[in-house]
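Take a look at the letters that make up each chain.
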There are 2 protein chains.
Amino acid sequence: MSVLGGIALSFSLSAEPAPTLKDSLIRLSSNENAFGYSPKAQAAIVEALDGGSYYNRNDVADLVELLAEKEGVPSDHILTTAGSGPLLMMTAIAYADPEKNVVTTEMGYTQLIRKYDEMGGQIKYASLSEDMGYDFEAMSDAIDENTVIVYICNPNNPTGVLADPIELKKFILSVPKDILVFVDEAYLELTDKNFGMLTIAPMAKSLDNVIVTRTFSKAYGLAGFRVGYAVASPKIIDTIKPYYMGPPSFIAAIAAQEAVKDMDHMIYNVEAYQKTRAYVCDKFDAMGITYAKPQGAFIYFKTGIDQQELRDSMKEKGILISGSRESGVIPGKYQAWARVSIGTQTQMDLFLDTLSQLMVKG
Amino acid sequence: MSVLGGIALSFSLSAEPAPTLKDSLIRLSSNENAFGYSPKAQAAIVEALDGGSYYNRNDVADLVELLAEKEGVPSDHILTTAGSGPLLMMTAIAYADPEKNVVTTEMGYTQLIRKYDEMGGQIKYASLSEDMGYDFEAMSDAIDENTVIVYICNPNNPTGVLADPIELKKFILSVPKDILVFVDEAYLELTDKNFGMLTIAPMAKSLDNVIVTRTFSKAYGLAGFRVGYAVASPKIIDTIKPYYMGPPSFIAAIAAQEAVKDMDHMIYNVEAYQKTRAYVCDKFDAMGITYAKPQGAFIYFKTGIDQQELRDSMKEKGILISGSRESGVIPGKYQAWARVSIGTQTQMDLFLDTLSQLMVKG
């Protein structure tokens, strides 16, 4: 019963957590949380398993209440889904129109964008600033009379760059009120800055055209259970809900509740990310490797090696990383860039050693 | 750790399983499985929990392979979702058109129907036969040049009646090939007849216009984990997939695999349903209560008491049952009917005793 060992473990920042997925290559490709989820969440899951033949009773409703309290909004402003991905896709489908467009940053997360495109809508990409951050002037310029959604992932993915909170809020207020501003905060808990100063959720409470999404897959480490949610006005929720395919499972709802309550574990996780991210940046600096300023669960970096070649070589050495991710830019522009997820320090040391060897060869 | 007790339990048909949801009224309202799911599935879940911070690796792909083998189809004929509900809704959305209609039975399961209606499409109801079974002539007559889907739940819900397999297959072959025939087999494992003779899945392998859905929520008792699947040609899967919001969680995929392999537990569950269902029917006969011939996880029965009054009185006594469910019939027609899910024999005895008392009073 590995779960008992897991629960018995005392988590401390000084201890190096073991990667918990067995018989796997080192996974630095999907922004999964190598530090693990709340042991209290795991204990609650085990406790609930005997009831698995029943649909959840009040677990999802209880989660919604807890999230409403956490976000300071009425519970009709919360919609829970199996990860936040469904919310991105539901929104794309609900607003899809061949005559209309979504404005987003080049080099941003593509789940909403791809779905909007797949449904026949148009995408307008705004260029990034010099440091791969947000250029809100470029985004404003991209908005036209056919824009229905502005999509921002903050911190951005794959670049990892965080928006300046004042500039972001000013920009959101400047967007015409009939355009939906979608702020995807999947990685926001992991920044070095104050979460409360950065989140757009309070604006989603007061404005009818702002939706914020979060996931339990990243900072909370519950990726395998599939739970995420939106903070938005009932007007927006009603617009996307026709494409809603159901809530998270009761197990996910129970785990998420415990994860929200377990502040100690959250702090542990955030600190582990911050510490390890800074460690890798220092190493990159020493190695002369360029990177975008990372504030999420990953670093976007430039080796000069073709990204596919780098991924293949890394995989041969037992390490999975992710490629260049070039949405909205000239194809090939970031061919020498790649994305590495933050894992444990041991994993990152292995990655860095392997990278050094490959760069010497290259 | 209640799970350890759960796993240690040796399941035998003679033992009366305890209802496994704590602090709950007796739930005979949602067709949940009171006999419980495979202890091997539960053990596999516990074993996998430490990897919960990772997205599933091959768990969903492994489940798809296993289901393809089970159904005797290529794996591109399988689509897994969080319960079978998403498949019903995805299909409704994908085929929705204000000019087009879905043909179904009056008194059938409404998840696809409601969604099709919500998306602005039309519904045409075919009357049932005298015994609340399928009237395929009426269904054929209801099909017109604007029909895009024929939806059949077999055994039907809420009536519980099973279609004659030869008649059903003849009917499906008679439907024009440009109309999708959707056969929802959520309860088919629980009939008294031979599953292999009844299922339409082999037709979904050879015909481009037939989709069959199954769930792990009923006979397999995994309702709380959300896993189900479709058997259909890639052509149909491609049509509904734009509205796909993602696979089951890795926990659900792992549990479903173990459940499929644990034939002993499946047989135990099916026998428990058959035995308890027959027991309640005998009691109903003795009490002079009319009912539709039940072949699923529930019985649709007529007490003469107004259904809302009956439900309220039952709830006061700690028992949840379901109401009359009158889709496609004259409102009020089944006002004196209600639906009770099959629970454990102890639960059913409590239900029957309470019903006797209420009928004497009434």
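Residues numbered from 1 in each chain as written. Chains lettered and ligands numbered in written order. Predicted model: local features only at pLDDT ≥ 70, side-chain atom pairs only at ≥ 80, totals over all residues. Heavy atoms only, no water.

This next bit is on the relation of the copies chain B and chain A. The transform that puts chain B on chain A rotates by 180° and translates by 0.0 Å along the axis, for an RMSD of 0.0 Å. Put plainly, the chains are arranged around a two-fold axis. (Least-squares fit on C-alpha atoms with pLDDT ≥ 70 in both.)

Below, the discussion takes up the interface of chain B and chain A. Of the residues lining the interface, 55 residues belong to chain B; the matching set on chain A comes to 55 residues. At the boundary of chain B with chain A, the tally comes to 0 salt bridges. In terms of residues, the side of chain B that touches chain A owes the most to one element, helix H1 (residues 2-8) of chain B, which gives 5 residues. For the side of chain B that touches chain A, the residue count by class is 27 nonpolar, 16 polar and 12 charged. (Contact = heavy atoms within 4.5 Å. Salt bridge = Lys/Arg side-chain N within 4 Å of Asp/Glu carboxyl O. Helix = DSSP H or I, 4+ residues; strand = E, 2+ residues; numbered from the N terminus. Nonpolar A, V, L, I, M, F, W, Y, C, P; charged D, E, K, R; others polar.)

Residue and element names in this part refer to chain A. Strand order in the open sheet formed by 3 strands is S9-S10-S12, with antiparallel pairing between adjacent strands. Each having just a single partner strand, strand S9 (290-291) and strand S12 (337-341) make up the two edges of the open sheet. In this structure, strand S10 (residues 298-302) lies alongside S12, joined through 5 bridges in antiparallel fashion. Looking at S12, one finds that Phe298 is bridged to Ser341. (Pairing = 2+ DSSP bridges.)

Residues and elements named next belong to chain B. Overall, antiparallel pairing links the 3 strands, which are arranged S9-S10-S12 in an open sheet. Lying at the two open borders of the sheet, with one neighbouring strand each, are strand S9 (290-291) and strand S12 (337-341). With 2 bridges joining them, S9 and strand S10 (residues 298-302) adopt antiparallel strand pairing. Across the sheet, residue Thr290 finds its bridge partner in S10, namely Lys302. Against the sheet, helix H12 (residues 263-287) engages S9 and S10, with an angle of about 10° to S10. (Axes fitted to C-alpha atoms, helices over the stretch in contact; angles between N-to-C directions.)

Residue and element names in this part refer to chain A. Summed over all chains, the structure comprises 0 disulfides over all chains. In this structure Cys153 is not part of a disulfide, and its nearest cysteine sulfur, from Cys281, lies 18 Å away. Given a relative accessible area of 10%, Cys281 falls into the buried group. (Disulfide = S-S within 2.5 Å. Buried < 20%, exposed > 50% of the residue type's maximum accessible area, 1.4 Å probe, protein only.)

As a further point, take the domain arrangement of chain A. All names here are of chain A. Domain boundaries in chain A define domain 1 (2-37 + 264-361) and domain 2 (41-261). Between domain 1 and domain 2, the residue contacts involve 31 residues of the former and 31 residues of the latter. Both sides of the domain 1 and domain 2 interface together cover about 2700 Å² of buried area, and 60% of this is carbon and sulfur. Taken together, the connections running from domain 1 to domain 2 amount to 1 salt bridge. Taking the shortest distance from any N to any O, the salt bridge between Arg277 and Asp192 comes out at 3.0 Å. Between the two partners, domain 1 and domain 2, sit 15 residue pairs in polar contact (both at pLDDT 80 or more). For the side of domain 1 that touches domain 2, the secondary structure elements donating two or more residues are helix H1 (2-8), helix H12 (263-287), S10 and S12. Considering every element that reaches the side of domain 1 that touches domain 2, the biggest residue donor is H12, with 6 residues. Each residue belonging to the side of domain 1 that touches domain 2 can be placed in one class, and the counts come to 14 nonpolar, 11 polar and 6 charged. (Domains from an automatic or database assignment. Buried area = accessible area lost by both parts, 1.4 Å probe. Polar contact = N/O pair within 3.5 Å; in protein donor to acceptor, adjacent residues only side chain to side chain.)

Relative orientation and spacing of two packed helices are given, respectively, by the angle between their axes and the distance between those axes. All names here are of chain A. Helix H14 (residues 345-361) packs onto H12 with a crossing angle of 15° between their chain directions and a minimal axis gap of 10 Å. One way to sum up the angle between H12 and H14 is to call them roughly parallel. When you trace H12 past H14, the crossing you get is right-handed. Counted together, Lys275, Thr276, Tyr279, Val280, Lys283, Phe284 and Met287 of H12 and Gln345, Met348, Asp349, Phe351, Leu352, Leu355, Ser356 and Met359 of H14 form the full contact between these two elements. Counted by class, the contact of H12 with H14 contains 9 nonpolar, 3 polar and 3 charged residues. (Parallel < 35°, antiparallel > 145°, perpendicular 65-115°, else oblique. Left-handed = near helix turned anticlockwise from the far one by under 90°.)

Considering all chains together, one arrives at 16 salt bridges over all chains under this definition. Across the pair B:Glu71 and B:Lys70 runs a salt bridge, and its minimum N-O distance is 3.3 Å. Looking at B:Lys70, the relative accessible area reads 32%, which means it is partly exposed. What you see here is one network of salt bridges that share partners, running through A:Lys70, A:Glu71, A:Glu185 and A:Arg214.

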